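# Structural overview
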Amino acid sequence: MIRCLVVDDEPLALHILEDYISKMPFLQLVKVTTNPIEALQLVQGGDIDLVFLDVQMPELTGIQFLRIANGKSKVILTTAYSQYALEGYELDVIDYLLKPIAFDRFFKSVQKAQTIIQPSVKPEIKVEAVAQNDFLSDFIFVKTEHKIQKVYLNDILFIEGLKDYISIFTPAERIITLQNMKKMEDALPEKHFIRVHKSYIVSINKIDSIERSRIFIGDKIIPVGDTYREDFFKIIDGKNI
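It should be emphasised that the depicted structure is a prediction, and the values quoted were computed from it without experimental measurement.

## Digging into the overall build of the protein
- Looking only at helices and strands, the protein has eight helices and 15 strands in total.
- A burial count over the protein gives 49% of its 241 residues as buried.
- Restricting the contact set of the protein to residue pairs at least 6 apart, pairs at least 24 apart contribute 51%.
- As displayed, the protein offers around 12600 Å² of accessible surface, 49% of which is attributable to carbon and sulfur atoms.

The structure is reproduced here in structure tokens:
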């Protein structure tokens, strides 16, 4: 078992990672905490194999934490800000997860951690199988104007980008959140979602039909952009019988 510690000053982020870790038979969650000083003491005591570490925390930043810990535990950084990625890799982190973290992306990251921490152990579970089995229950949290809302991935029809915010369309509602398309695209499992236009991401499972360079999902017609056309039709062709 790989002994894990989650450090984040956001209780919501702790809850999500705690849920994800519980699905992994080779991970043992030792503690979740909002206190990086407490976490550092556990790491220095040699009780932790893998730390899921937020970058921006008030008492001690993730980068400062890494420098003090000095390699005593392996680390996966978790943050909403991509600008820390290079510095994190220079400090030998295993991976860099951008929030909101989708389960598919999380699994790939911990599988990589397993190969580093337990090189003699051959992974028994393929990421595709786990991602498929958990897709119906997988979810992300997005910030709306008045609350943080859970969105189940299986409910998403498509996502539309409009300047500094995006709209997530489900059969029941339209959810508007301050987010950029690139960050949302990275957070979604590529097995189920694909970018088809600079302004659109679609759920492959929800496509009703395709006519030339137009995708039909319910009564919505979504264009396929020139930049994305080749990759999109390769995936569609691969699903043809």
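## Overview of the nonpolar core
- Met24, Leu27, Leu50, Phe52, Ile76, Phe106 and Val110 are the most contacted members of the largest nonpolar core, which totals 24 residues.
- Of all elements in the fold, only strand E1 (2-7), helix H1 (11-22), strand E3 (50-54), helix H5 (103-117) and strand E6 (139-143) reach the threshold of two or more residues within this core.
- In contact with Leu50, other than residues within four places in its own chain, are Ile2, Arg3, Cys4, Leu5, Lys74, Val75, Ile76, Ile94, Ala113 and Ile117.
- Core analysis: the next-biggest nonpolar cluster, separate from the first, contains 19 residues, Ile48, Val55, Leu60 and Ile63 among them.

## Section: the sheet that holds strand E15 (residues 220-223)
- Strand order in the open sheet made by the three strands is E13-E14-E15, with antiparallel pairing throughout. A single partner strand is all that each edge strand has here, and the edge strands are strand E13 (209-211) and E15. Each strand axis lies, on average, 25° off the axis of its neighbour in the sheet, ignoring direction.
- Where strand E14 (residues 214-217) meets E15, four bridges bridge the pair, whose relative direction is antiparallel. Pairing of Phe216 across the sheet is with Ile221, part of E15.

## Overview of the sheet that holds strand E11 (residues 193-197)
- Reading across from one edge, E10-E9-E8-E12-E11 is the order of the five strands in this open sheet, with antiparallel pairing throughout. Strands with a single pairing partner mark the edges of an open sheet, and in this sheet they are strand E10 (174-178) and E11. Strand-to-strand twist across the sheet, computed as the mean angle between neighbouring axes with direction ignored, equals 20°.
- Here strand E9 (residues 165-169) pairs with E10 via five bridges, running antiparallel. Residue Tyr165 lies in a different strand from E10, and its bridge partner there is Leu178.

## Things to note about the packing of helix H2 (residues 36-44) against helix H3 (residues 62-69)
- Close contact between H2 and H3 brings their axes to 11 Å; oriented N to C, the two are set at 25°. Judged on the interaxial angle alone, H3 and H2 are roughly parallel. Read as a crossing pair, H2 and H3 show a hand that is right-handed. Residues Pro36, Ala39, Leu40, Val43 and Gln44 of H2 pack against Phe65, Ile68 and Ala69 of H3.
- Here the contact of H2 with H3 is built from residues that sort into seven nonpolar, one polar and no charged.

## A short note on H1
- The end-to-end C-alpha distance of H1 is 17 Å, a good match for the 16 Å that twelve residues give at a rise of 1.5 Å each.
- Those residues of H1 that sit buried are Ala13, Leu14, Ile16, Leu17, Tyr20 and Ile21. Down the axis of H1, the buried side of the element spans an arc of 165°, and every buried residue falls inside it. Residues of H1 that are exposed and point over 90 degrees away from its buried face: Pro11 and Ser22.
- Structurally, H1 contributes buried residues whose contacts are with E1, strand E2 (27-33), E3, strand E4 (74-79), H5 and E6.

## Focus on unusual backbone geometry
- Unlike most non-glycine residues, Asn70 shows phi in positive territory, near 55°.
- The residue Asn70 is located in the loop between H3 and E4 in this model.
- For Arg212, which is not glycine, the phi dihedral falls at a positive 55°.
- You can see Arg212 is positioned in the loop between E13 and E14.

Cut-offs and rules
- Residues numbered from 1 in each chain as written.
- Predicted model: local features only at pLDDT ≥ 70, side-chain atom pairs only at ≥ 80, totals over all residues.
- Heavy atoms only, no water.
- Helix = DSSP H or I, 4+ residues; strand = E, 2+ residues; numbered from the N terminus.
- Buried < 20%, exposed > 50% of the residue type's maximum accessible area, 1.4 Å probe, protein only.
- Contact = heavy atoms within 4.5 Å.
- Areas by Shrake-Rupley, 256 points an atom, 1.4 Å probe, with all protein chains shown as cover.
- Core = buried A, V, L, I, M, F, W, Y, C linked by side-chain atoms within 4.5 Å.
- Pairing = 2+ DSSP bridges.
- Axes fitted to C-alpha atoms, helices over the stretch in contact; angles between N-to-C directions.
- Parallel < 35°, antiparallel > 145°, perpendicular 65-115°, else oblique.
- Left-handed = near helix turned anticlockwise from the far one by under 90°.
- Nonpolar A, V, L, I, M, F, W, Y, C, P; charged D, E, K, R; others polar.
- Expected span 1.5 Å × (residues − 1).
- Arc of directions from axis to C-beta.

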